[in-house]
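For reference, the chains in residue letters:
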Amino acid sequence: MILVLARHTLTLLAAAVVALTGEPAVARTPHIAPTAAMHVARMAHTATTLRDGRVLVVGGFVDEARATLGAELFDPETQRFLPLPRMITLRHSHTATLLPSGKVLIAGGYAAGSTSVASAELYDPTTRTFTPVAPLVGARAGHCAVLLETGKVLLVGGVGPGWTFLSSAELYDPATERFTATRPMSVARESHVAVPLLDGRVLVVGGHRGRRAEITLYASSEIYNPATGMFSRSGEMKTPRHKHDAVRLGDGRVLVTGGSDERDSDGVFNSTELFDPRTGSFTTGPTMHRTRYKHAGSSVLLPTGSVLLAGGATQAERYDPRTQTFTVVPGVERLTGQFSAVALLAAGGVLISGGYGSDRGPQASAWLYHP
């Protein structure tokens, strides 16, 4: 009965639109369309949605030797990027975390080439300025950062000076603006992901240590408990993977997508897995339409409960947890894909910025997902 009434209501609304405008009502299909470009090309940068709805875009690089100039601000109202003062340290492969105060913590990364840094700074949206804070306990890049329920920020893993792979973790306290060490993970990880769980703990999944012939990929996961400051081993994925992504679903489970094996671009996955915190185990998820990797941080939980996978491939996909299916999002056929930065906007829109791929180097291009 409810369904019949709903359909009857929609029919009446459509008839009303025709009566008022002379045109038939057309249902809007979610799609992706180009928007204004950034001021500089970027990849391995970050995009952070601020309290006022604008998006802070920070850092990135244009080649292995040069980090890009400073930062810019995307205004959803005008759909334009505004230049900002330069950061204190030019960086890429860093993390940017929105704090409860509304400021953004920008930590670590590579300053140029493979030189990892311990510097950190705060962006203040009220003054649009960057100010330094005390350095990290140790230099790291390619790490993960997660805001805890305590208001502190957990930074975990990554690469240190001299291509040392890190199992270490540390905490940033906004009250003191300082970093302190916490207990390490069981193994060193880079190209991993970290996801906050509903109970306040943090799931760390996959990744690797070592390079080239010495690389070791992980199927393992572990969970950080802020109450004890310790990591404990959790379930094993079905497939060892790195350069993947993960996002928490509305029901508390975690969707892990894509990544690759030891062959990197020659071994990219279209597989997914689902982690259930209640059992601590992974199950095989549905197959994506596109293989995707180098897309950490580009999967966004939409207000509808669906997930937009906006990075790592030439086209975006949307995952519906109710039907457990993926759908390719129309509108743009060749996103740059790898190492792009993504941010959720008001009313369910999403900003997709920069990256490289599709036989193209770093791009200044940007796109909007329209729900």
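See above for the structure.
Quick caveat: nothing in here was measured; it's all calculated off a predicted structure.

1. Some remarks on the overall build of the chain
Looking only at helices and strands, the chain features 1 helix and 36 strands. For the chain, the C-alpha radius of gyration of 21 Å lies close to 21 Å, the compact-globule estimate for 371 residues. Taking the principal axes of the C-alpha coordinates as reference, the chain spans close to 70 × 45 × 45 Å. In the chain, buried positions account for 52% of the 371 residues.

2. Re the sheet that holds strand E27 (residues 254-257)
Across the sheet, which stays open at both edges, the 4 strands sit in the order E26-E27-E28-E29 with antiparallel pairing between neighbours. In this open sheet, the two edge strands, each paired with only one partner strand, are strand E26 (245-248) and strand E29 (281-284). Taken pair by pair, the neighbouring strands of this sheet meet at an average axis angle of 25 degrees, ignoring direction. Pairing between strand E28 (residues 272-276) and E29: 4 bridges, direction antiparallel.

3. Here we look at unusual backbone geometry
Non-glycine residue Trp163 carries a positive phi angle of around 55 degrees. You can see Trp163 is positioned in the loop between strand E16 (159-160) and strand E17 (164-165). Positive phi outside glycine occurs at Glu177, with the angle close to 55 degrees. Among the secondary structure elements, Glu177 is positioned in the loop between strand E18 (169-173) and strand E19 (178-182).

Each value, and the rule that gives it
Residues numbered from 1 in each chain as written. Predicted model: local features only at pLDDT ≥ 70, side-chain atom pairs only at ≥ 80, totals over all residues. Heavy atoms only, no water. Helix = DSSP H or I, 4+ residues; strand = E, 2+ residues; numbered from the N terminus. Rg over C-alpha atoms; globule rule 2.2 N^0.38 Å. Buried < 20%, exposed > 50% of the residue type's maximum accessible area, 1.4 Å probe, protein only. Pairing = 2+ DSSP bridges. Axes fitted to C-alpha atoms, helices over the stretch in contact; angles between N-to-C directions.

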